[in-house]
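Topology and contacts: notes
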Amino acid sequence: MAAIYSLYIINKSGGLIYYKDYGSAGRMDTNDTLRLASLWHSMHAISQQLSPVNGCSGIELLQADHFDLHCFQSLTGTKFFVVSEPGSVHMESLLKNIYELYTDYVLKNPFYEMEMPIRCELFDINLAQTVQKDRVALLGR
């Protein structure tokens, strides 16, 4: 069983700019993925405002019975989140690796327009390799 069910990248305005499904049992259609991304963006923003701690960066982990949702927000406000198996503890480093791929292959692409959906073959290839390495590392544990 794969550790990661799906990956979402949301721009600073809350728009879904990238989605990748890794074989989760309950596949969602396009409207549901857009709704989930928008909902997560809103929950993340509300949690920052409601937090009693100054400088709170929002929700980083949401745990449920059958999945965990891990989130990383870049300094520019772009959010990366993965839906994974419950109890997955190494997702923070994976999200940072995905962010590095995003900066290397998407942001440095001269044809990419900021805040628009990601259509970059090199990003897709390197992302697949990173996720595969993560799966192999999990099997080795």
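Residues numbered from 1 in each chain as written. Predicted model: local features only at pLDDT ≥ 70, side-chain atom pairs only at ≥ 80, totals over all residues. Heavy atoms only, no water.

Describing the overall build of the protein
- In terms of regular secondary structure, the protein is built from 3 helices and 5 strands.
- The N-to-C order of helical and strand elements in the protein reads β-β-α-β-β-β-α-α.
- Taken over the C-alpha atoms alone, the protein extends approximately 40 × 40 × 30 Å along its principal axes.
- Here the analysis covers contacts within the protein between residues at least 6 apart in sequence; of these, 49% occur between residues at least 24 apart.
- When the accessible surface of the protein is totalled, it reaches about 8,500 Å², and 55% of it is carbon and sulfur. (Helix = DSSP H or I, 4+ residues; strand = E, 2+ residues; numbered from the N terminus. Contact = heavy atoms within 4.5 Å. Areas by Shrake-Rupley, 256 points an atom, 1.4 Å probe, with all protein chains shown as cover.)

Quick look at the confidence of the model for the protein
- For the protein, per-residue confidence averages 88 on the pLDDT scale, and residues scoring 70 or more make up 93% of the total.
- At the low end of the mean pLDDT range in the protein sits helix α3 (residues 121-139), at 85; at the high end sits helix α2 (residues 91-107), at 95. (pLDDT = per-residue confidence, 0-100.)

As for a nonpolar patch on the surface
- A cluster of nonpolar side chains, contributed by Leu39, Met43, Leu62 and Phe67, occupies part of the molecular surface with about 300 Å² of accessible area.
- Its place among the elements puts leucine 39 in helix α1 (residues 30-50).
- In this structure leucine 39 comes out as partly exposed when scored by relative accessible area, which is 47%. (Patch = residues over 30% accessible without salt bridge, like charges linked within 9 Å, V, L, I, M, F, W, Y side chains within 5 Å. Salt bridge = Lys/Arg side-chain N within 4 Å of Asp/Glu carboxyl O. Buried < 20%, exposed > 50% of the residue type's maximum accessible area, 1.4 Å probe, protein only.)

Points about the nonpolar core
- Ranked by internal contacts, the top residues of the largest apolar core, which has 23 residues, are Tyr102, Ile118, Phe123 and Leu127.
- At the level of elements, β1 (4-10), β2 (16-21), β5 (79-84), α2 and α3 are the ones that each hand at least two residues to this core.
- A per-element tally of this core places α2 first, with 7 residues.
- In contact with phenylalanine 123, not counting residues within four places along its chain, are Ile9, Tyr18, Ile98, Leu101, Tyr102, Tyr105, Val106 and Ile118.
- Membership of the second largest hydrophobic core comes to 10 residues, among which are Ile10, Leu16, Ala37 and Phe81. (Core = buried A, V, L, I, M, F, W, Y, C linked by side-chain atoms within 4.5 Å.)

Let's talk about unusual backbone geometry
- Phi angles above zero are rare outside glycine, and glutamate 115 is one such case at about 70°.
- By the secondary structure assignment, glutamate 115 is in the loop between α2 and α3.

Side note on the sheet that holds strand β3 (residues 61-63)
- Within the open sheet, the 5 strands sit side by side as β2-β1-β5-β4-β3. Their pairing is antiparallel. The strands lining the two open edges of the sheet, one partner per strand, are β2 and β3. In this sheet, adjacent strand axes meet at a mean angle of 10° when their direction is disregarded.
- Bridge count for β1 against β5 is 6 bridges, and the pairing is antiparallel. What sits directly across from isoleucine 4, in β5, is serine 84.
- Lying on the sheet, α2 is in contact with β1, β2, β4 (68-73) and β5; it crosses β5 at an angle near 135°. (Pairing = 2+ DSSP bridges. Axes fitted to C-alpha atoms, helices over the stretch in contact; angles between N-to-C directions.)

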